[in-house]
Each structure stands twice: as structure tokens, then as C-alpha cells.
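Coordinates in review
Spelled out from the first residue to the last, the chains are:
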Amino acid sequence: MKVIAGVDVGNSTTEVCISKIDNNGKFQFISSGISKTTGIKGTEDNVKGISAALNNALDKTNIRISDIDSIRINEAAPVIGDTAMETITETIITESTMIGHNPSTPGGEGLGLGITININDMNKADMNKDYVVIIPQSLDYEDASEKINLALKNKIKIKAAIVQKDEAVLICNRINTVIPIVDEIKYIEKIPLDKFAAVEVAKSGHTIKVLSNPYGIATIFNLNSEETKRVIPIAKSLIGIRSAIVIKTPEGEVQEKVIPSGKLLIKANNSTEKVDVDSGAEAIMSLVNRIEEIEDISGEAATNVGGMISSVKNTMAELTNENILDIKIKDILAIDTFFPKKVVGGLAEETFMENAVAVAAMVKTKKLPMDRIASKLSALTNIDVQVAGVEAVMATLGAFTTPGTKLPLAILDIGGGSTDAAVLHEDGLIKSIHLAGAGEMVTMIINSELGLSDRSIAEDIKKYPIAKVESLFHIKMENDEIKFFQEPLEARFFGRIVILKNNEMLPIYKDVNLEKIISVRKSAKERVFVQNSLRALKQIAPMNNLRNIPNVVLVGGSALDFEIPEMILSQLSKYKIVSGRGNIRSVEGPRNAVATGLVMSYVGN
Ligand code: ADP
Ligand code: MG
């Protein structure tokens, strides 16, 4: 009888399977373990994570590490992935100054137009003009209200006010007229004086209508069609908010600069094919999918996409310690997305949602030196360590222990950086591939489309359902179920969207509603996983026909997802393919496929 340990070092996770094997080759699986991968996959730093995963498995048994006869580690595929995103439209910087933000409590309502004037200069005001008064921090609401009332008495026409402190409502309640008042303007000193400005505040519960419409801005400022085109980013950044200010500055005060989006260059068969990034992800992917074997992908110099691709290659070169010229991108997954971009000329750090393309890239590196890891691990543990078997083959072997599967069997191993697929035929033949794009890309898209700027919240939104805290005694879950509590919830949860992470509630401190979060989350998963599953399976299916694959087992960390397996099933069932989350050895769920396969391969076939 022997005790064998299988060890799978992934980009994100290291997994272990421990089994006894008797002299007839019969397995008795004993335990499994898991730990975060330490260091870049394929480097000696991995040994720490391997030890942790081994200990995690052994802790659940009465076996000691010295009882293990042999450790088998995977021959890791020499591919690593990275993700990036860039705007696809040209970057246009406008000549207007604008403020669009959502102070929780603006004052008054309506649209007010006039010339900007500092409230301390009201004595110089002209009775024949309309004014927008600027109230800096130094003046408190009582003095400000008094000055406004005095000016009104002197027949000065005040149409709107802009306030630095959070005092719009206080001022609104003290003045003898109803005007829109926007407050919490951080950079109030940057507002140009003696310029024509528009201030809009929507009714409570509504959003602004005039300044979020390019033609609305054009009407107010008397713009021609060329100028109207340039205010589109301004109008876009003001959609869906309650208050905004737009000020026309003289031409030339804010510089205009155009950076083209650029072309993606795909090298294959001694020729280079080009595709405009402007034409969107679909056009890019149809070219990528048409090319059988990509040699390398680059971006046109001095363009947005050029910058993005070289930054991916740079990161990879640094990680692998290779020359950037040796870094070749073998596959990409492009997805249409949008992300918040800072508006130049903005005064309260305004952003607008710009169309963008997100790209996951797969880079082939030199063969990963797993033998070095093996000898280091062997020295550390005093156990025989073998590098055994190709990852995809091992994953398929392990996946085959899922009840209800039969040959030919395909697997989709959906991890963090890549989606790997393999098919195992009755005759033992295996075909496998690695494609760019998996769990990390979904997290990146959720992070940017919701404007979170917080990767770990985005990761939790991806993994767990959400709910709205409607009172301190009940929450409404995303499936409309109501859950009641005996004890009141903490006050900080009230009115918030929360992530239901195991037994915890994580509040999302961001102005996004429940429906938006769910739709971004689902569509990010659809765009990445559904597309990649089809792409992967088409390439490995016999005669490239999906109908030749009877069943697909989903393994890897992303197969744990609470909605991805259903999404993939509903796509694949169109081709009469049965697919579902794997259940390795009937107990592990989608985890541990490679580690299990490594143990099984100890007895040959
Ligand atoms: P690798 O094989 O590359 O080490 P894994 O198979 O461990 O990668 O998968 C890592 C990915 O799985 C990450 O993107 C992570 O967000 C995702 N993941 C892990 N657990 C879950 C979960 N419960 N739901 C959705 N995704 C998950
Ligand atoms: Mg893996």
C-alpha cells in the first residue's frame, strides 16, 4: 500500500489530494487541501503555498507528512493571463467647465442662468443682468442669505447659487426667492467669474433634464453643431444625477487634445491583420476567431490601444523576468464595456462613462521550471516528488470521477486568468487549449462598470447575492424574498445595498441601485464565460462541431459561482450538450480535479 499526494499549482489556488493505493491499484481517497498560491505560478516561491495546502489536507487526517510515499505535481501550462481596458472612442477634451454631482441635499429646483459673480461683489452688480452667485467657504449660510436678500431688495436678479459648504438647504430656507442652489463644490475657487453659467437642480426624486442633454446645453449656450459634438462628454457625465452646473469658458482656456483609439495588429502566417478598436469587441473577436494560430498581438503606436497592449506586455515581462520582445500574446478576449473617465474642466472630480474595450491577454512563456519546484519540495519534505502529467489531461481524469459522466468527456477549467478546455476520447486521446479571460476579467468589468474603484468589493459582488436593507428589521433579497430579523440591524446598514457574504452583510457605500448591480454582474459573466465556453469548445470539438461533444464538466474556481454554471448550461443545451458544475469524487464540487487526476495517473491507465 502506498500513500500518494497530488499537487496542483494554479495561478490563484494550490490544491492537494491525498489517497491510499493498494497493491491492486485500488484507491482510497483520504483527504484534500487548499491554499492560496504563493508567488507567480512556476516559481520556487510556490513551495510555501504547496506546504500550506499539504498541511491543510493532513490536518484533517491522522497521517503525517512522513507517511507520504510520493508527491506528484502538475506540469503547469506555460501560460499566464493579464487584463486591461482602454477607451475606444477618441479622447476629446472640451472647452467648457462643468460641475455635475450629486450632493445629497441641493436646494431649490429648476434651471437658473446668469453671469457668475462672487457674493462679496454684489455691490458691483448690474440691474439689467442675471446672476449666478458664488458663495465660498468663508461665508456662513446666515451671512450669505442676508446678502442675497439685500441684493434682491435692490432689484438685482439672482437666478442661482453655487455653494462650497454643504449648506444649500439652509440658504434656501432663508432667502426670499426660489432658485436652484448646488452645494459641496470642492474647487469653488476654480469657477471662472464673469462668465455665463447654467445651474440645474431637479425636483426631489427626479434627475436633471436640460444639462444632461447635448441639445439642452447647445440651446442655452447657443452652440453650433461642431461645438455641440464637443459637449457630449459633459452631457453624458450629467445623466442620472440631481444637480449640475455648466459654465462656458472662452475658447482656448481648456486645451483640446485628441488621442486616436488605434488599431490592433495580429500577426499570423507571416502576415499581419489589422482591426480598428473603434469597431468594437465583436469585430476584434471575429478576426481573432478566424485565425488558427496567432503568433503575436500588438497595438498601433501612439494610440490608446497601443498603450494598453504594451502595458500588458510590460507587466508580463516583469513577472517572468523575460525581455519584453520575447513576450508574445497568443490569445485575447475583447469585451465591450465602459468605464468612468475624469472630465477635464470638471470642478468636483466629475466622471462620465466612456465606451471602452476590456482585453484579457494570454501570454506564452518559456516552459515553467516545475522540476526546480519539485527538487526544492523534495529537499524540504524528504519525499520523492515527481512532475507528472499535463494539467489539462489530469483535469479531465479528475473530472471523470463526477457521477453521471461518460466518454467522450469535455472539461472547461475556468480559473482566474484563463479558461482551459480539454476533451478526452474513448481511445484515450486528449486535445486541449488555453484561452484568455476568466474570473479576473469579470471582477475587473464589475469594478469599472459600477465605478467602484475597489477590487475586493467587486470580487464579492461577483461571488455573492445582494439585498436591500429596507428597515432595521428586514431586508429584501435580490430574488424578492423578504428576510426578517429579531434583533435590529446596525444603523449603518439602513437603506443600503448589502452583499450577503456567508453569514455577513457587507454594505456597498456607492450610489448604485440593486437592479444596476445585478444587471452589470450578470452581463459581465455572460460576456466573458458564455463567449469563452463556446470559443473553447468549438476549438477542441471533433471536426470543430459542438454537437460531437456529449457532456461538459465545469471545474475550477469560477465553476463555484452561483450563476455561471446555469448560464453556460442554457447556452450549451442549444447544441444538445449536457453541462454542469463538476463534483469531483462525488464530494469535492468543481475543485480538486487536477490534484485528483495526478493521484489517479499514478496507476497508469
Ligand atoms: P487557478 O486554477 O488559476 O489557480 P482557480 O481555479 O482557483 O484558479 O480560480 C480562481 C477564480 O475563481 C478567481 O477568479 C475567483 O474569483 C473565482 N472564484 C473562487 N471562488 C468563487 C466563487 N465562490 N464564486 C465565483 N467565483 C469564484
Ligand atoms: Mg486551475
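Here, residues in each chain are numbered from 1, in the same order as that chain's written sequence. Chains carry letters and ligands carry numbers; both start at the beginning, A for chains and 1 for ligands, and go up in the order they are written. The model is predicted, so local features are restricted to residues of pLDDT at least 70 and side-chain atom pairs to those at 80 or more, both for listing and for counting; the totals for chains, interfaces and linings are taken over all residues. For side-chain calculations, the full set of non-hydrogen atoms in the structure is used, while hydrogens and water are omitted.

Here a strand is any run of E in DSSP of at least two residues, a helix any run of H or I of at least four, and the numbering for each starts at the N terminus. Within the chain, the regular secondary structure consists of 15 helices and 28 strands. Seen along its three principal axes, the alpha-carbon backbone of the chain occupies a region of about 105 × 65 × 50 Å. Between buried and exposed lies partly exposed: a residue is buried under 20% and exposed over 50% of the maximum accessible area for its type, with that area taken using a 1.4 Å probe on protein chains only. Scored against the burial criterion, the 605 residues of the chain give a buried share of 53%. We call two residues in contact whenever any of their non-hydrogen atoms come within 4.5 Å of each other. Within the chain, contacts between residues separated by at least 24 positions form 66% of all contacts whose residues are at least 6 apart in sequence. Accessible surface, the chain: about 27600 Å² in total, of which carbon and sulfur atoms supply 49%. The method behind every accessible area is Shrake-Rupley, applied with a 1.4 Å probe, and residues are considered shielded solely by the protein chains displayed.

With that settled, the discussion passes to helix 8 (residues 304-320). Residues separated by three or four positions in an α-helix point in the same direction, a consequence of the helix having 3.6 residues per turn. Helix span, expected: 1.5 Å multiplied by one less than the number of residues in the helix. Its 17 residues place the ends of helix 8 25 Å apart at the C-alpha level, agreeing with the 24 Å of an ideal helix rising 1.5 Å per residue. Taken residue by residue, helix 8 has Asn 304, Val 305, Gly 306, Met 308, Ile 309, Val 312, Lys 313, Met 316 and Ala 317 as its buried positions. One or two positions beyond helix 8, positive phi appears at Asn 321, with a value near 60°.

The next point concerns the nonpolar core. To qualify as a nonpolar core, a set must consist of buried Ala, Val, Leu, Ile, Met, Phe, Trp, Tyr and Cys residues joined through side-chain atoms within 4.5 Å. Membership of the largest hydrophobic core comes to 80 residues, with the highest contact counts inside it found for Leu 264, Ile 332, Ile 461, Leu 537 and Val 552. Note that the domain bounds reflect an automated or database-derived domain assignment. Taken domain by domain, this core gets at least three of its residues from each of domain 2 (81-88 + 258-364) and domain 4 (442-520). When sequence neighbours within four positions are dropped, the list of residues in contact with Leu 264 reads Glu 273, Lys 274, Val 275, Val 277, Ile 284, Ile 297, Ser 298, Val 305, Ile 309 and Ile 332. Ile 50, Ala 53, Ala 57 and Ile 383 belong to the second largest nonpolar core, which has 22 residues in total.

Glancing now at the site of ligand 1. Lining the immediate environment of ligand 1, one finds 17 residues, of which Ser 12, Thr 13, Glu 459, Lys 462 and Gly 557 sit closest. Any pair of nitrogen or oxygen atoms within 3.5 Å is treated as a polar contact; in protein, a donor-acceptor pairing is required on top of that, and neighbouring residues in sequence qualify only through side-chain atoms on both sides. Ser 12 has a polar backbone atom sitting 2.7 Å from an oxygen atom of ligand 1. One of the side-chain nitrogen or oxygen atoms of Thr 13 is found 2.4 Å away from an oxygen atom of ligand 1. Burial of ligand 1 by the protein chains amounts to 84% of its free accessible area of 580 Å². Definition of nearness: a residue and a molecule or strand are near each other if at least one heavy atom of the residue lies within 4 Å of the molecule or strand.

Attention shifts here to helix 2 (residues 141-153). Taking 1.5 Å per residue as the helical rise, helix 2 with its 13 residues ought to reach 18 Å, and the 18 Å between its terminal C-alpha atoms agrees with that figure. Those residues of helix 2 that sit buried are Ala 144, Ser 145, Ile 148, Asn 149 and Ala 151. Within helix 2, the buried residues cover an arc of 160° as seen down the axis, which keeps them to one side. In helix 2, the exposed positions that point more than 90 degrees away from the buried face belong to Glu 146, Leu 150 and Lys 153. On its buried face, helix 2 sits against strand 8 (130-135), strand 9 (157-163) and helix 3 (168-172). Put simply, Asp 140 is the residue that caps the front of helix 2, since its side-chain oxygen is 3.1 Å from the backbone nitrogen of Glu 142. Following helix 2 by one or two positions, Lys 155 has its phi on the positive side, about 65°. The arc under discussion is defined with respect to the helix axis, by the directions toward the C-beta atoms.

The subject of this paragraph is the environment of Ser 558. By secondary structure assignment, the location of Ser 558 is in the loop between strand 27 (551-555) and helix 14 (564-572). The exposure class assigned to Ser 558 is buried, which follows from its relative accessible area of 9%. Along the chain, Ser 558 and Ile 232 lie 326 residues apart, while their C-alpha atoms are 38 Å from each other. Ignoring sequence-local partners within four residues, the contact set of Ser 558 consists of Ile 414, Gly 415, Gly 439, Phe 529 and Ile 564. A polar atom in the side chain of Ser 558 sits 3.0 Å from the backbone oxygen of Gly 415.

Next up on the list: the packing of aromatic side chains. Between rings of Phe, Tyr and Trp, where Trp is taken as its six-membered ring, a pair exists when centres lie within 6.5 Å; planes separated by under 30 degrees are stacked, by over 60 edge-to-face, and by other angles tilted. Tallied over the entire structure, the rule returns two aromatic pairs. Their ring planes at 15° and their centres at 5.5 Å tell us that Phe 27 and Phe 29 sit as a pair that is stacked. For Phe 29, a relative accessible area of 28% translates into the label partly exposed. Geometry around Phe 29 places Arg 585 over its ring, the cationic atom sitting 4.6 Å from the centre. Lysine and arginine charges are scored as sitting over a ring when NZ or CZ, respectively, is within 6 Å of the ring centre and within 35 degrees of the ring normal.

Spatial ordering of the open sheet is given by 14-13-15, a layout of three strands whose pairing is antiparallel. Each edge of the sheet is formed by a strand with only one pairing partner; in this case those strands are strand 14 (271-276) and strand 15 (296-299). If you compare each strand with its neighbour and ignore which way they point, the axes differ by 25° on average. A pair of strands is labelled paired if DSSP reports no fewer than 2 bridges between them. When strand 13 (residues 263-268) meets strand 15, the two strands line up antiparallel, connected through four bridges. Within strand 15, the position partnered with Lys 267 by the bridge is Asp 296. Axis lines are fitted to C-alpha atoms, over the contacting stretch for helices. Their N-to-C directions set the angle, which ranges from 0 to 180 degrees. Along the sheet, helix 7 (residues 280-290) contacts strand 13 and strand 14; its crossing angle with strand 14, the most-contacted strand, is approximately 160°. Along the sheet face, helix 8 touches strand 13 and strand 15 and points at about 130° away from the line of strand 15.

Let us look at the packing of helix 10 (residues 391-399) against helix 15 (residues 593-600). For any two helices packed against each other, the geometry is given by the interaxial angle and the distance between the axes. Remark: helix 10 packs on helix 15, axes separated minimally by 7 Å, with the N-to-C direction vectors making an angle of 90°. The angle between helix 10 and helix 15 places the two elements in the roughly perpendicular class. Contact residues: helix 10 offers Glu 391, Met 394, Ala 395, Leu 397, Gly 398 and Ala 399, while helix 15 offers Ala 593, Val 594, Thr 596, Gly 597, Leu 598 and Met 600. Residues of the contact of helix 10 with helix 15, tallied by class, amount to eight nonpolar, three polar and one charged. When describing relative orientation, an angle under 35 degrees is termed roughly parallel and one over 145 degrees roughly antiparallel, while 65 to 115 degrees is termed roughly perpendicular and anything else oblique. In the scheme used here, Gly and all other residues not listed as nonpolar or charged are polar, with Ala, Val, Leu, Ile, Met, Phe, Trp, Tyr, Cys and Pro taken as nonpolar and Asp, Glu, Lys and Arg as charged.

Whenever Lys or Arg places a side-chain nitrogen within 4 Å of a carboxyl oxygen from Asp or Glu, that contact is recorded as a salt bridge. Using the criterion set out here, one finds 23 salt bridges in the structure. Asp 130 is the partner of Lys 157 in a salt bridge, and the nearest nitrogen-oxygen pair spans 3.8 Å. Of this pair, Lys 157 sits in strand 9 while Asp 130 sits in strand 8; the two residues are 27 residues apart in sequence, bridging distant segments of the chain. For Lys 157, a relative accessible area of 34% corresponds to the partly exposed category. One salt bridge connects Glu 459 with Lys 463, and the closest N-O pair in it is separated by 3.5 Å. Here Glu 459 and its partner Lys 463 are both found in helix 12 (residues 455-463), four residues apart, which amounts to about one turn of the helix. Residue class for Lys 463 comes out partly exposed when judged on its relative accessible area of 40%.

What follows deals with the sheet that holds strand 26 (residues 504-508). Sheet architecture is open: five strands sit in the order 24-23-22-25-26, paired in antiparallel fashion. Among the strands making up the open sheet, the edge pair consists of strand 24 (482-484) and strand 26. Strand-to-strand, the axes of this sheet are offset by a mean angle of 35°, without reference to chain direction. Bridge count for strand 22 (residues 466-471) against strand 23 (residues 474-477) is four bridges, and the pairing is antiparallel.

With that settled, consider the confidence of the model for the chain. A residue's pLDDT is the predictor's confidence in that residue, given on a scale from 0 to 100. The pLDDT averaged across the chain works out to 87; a share of 91% of its residues lies at or above 70. A low-confidence stretch, residues 90-95 (pLDDT under 50), is modelled with 27 contacts involving residues beyond four sequence positions or located in other chains. The low-confidence segment residues 252-257 (pLDDT under 50) makes 11 contacts with residues lying over four places distant or belonging to another chain.

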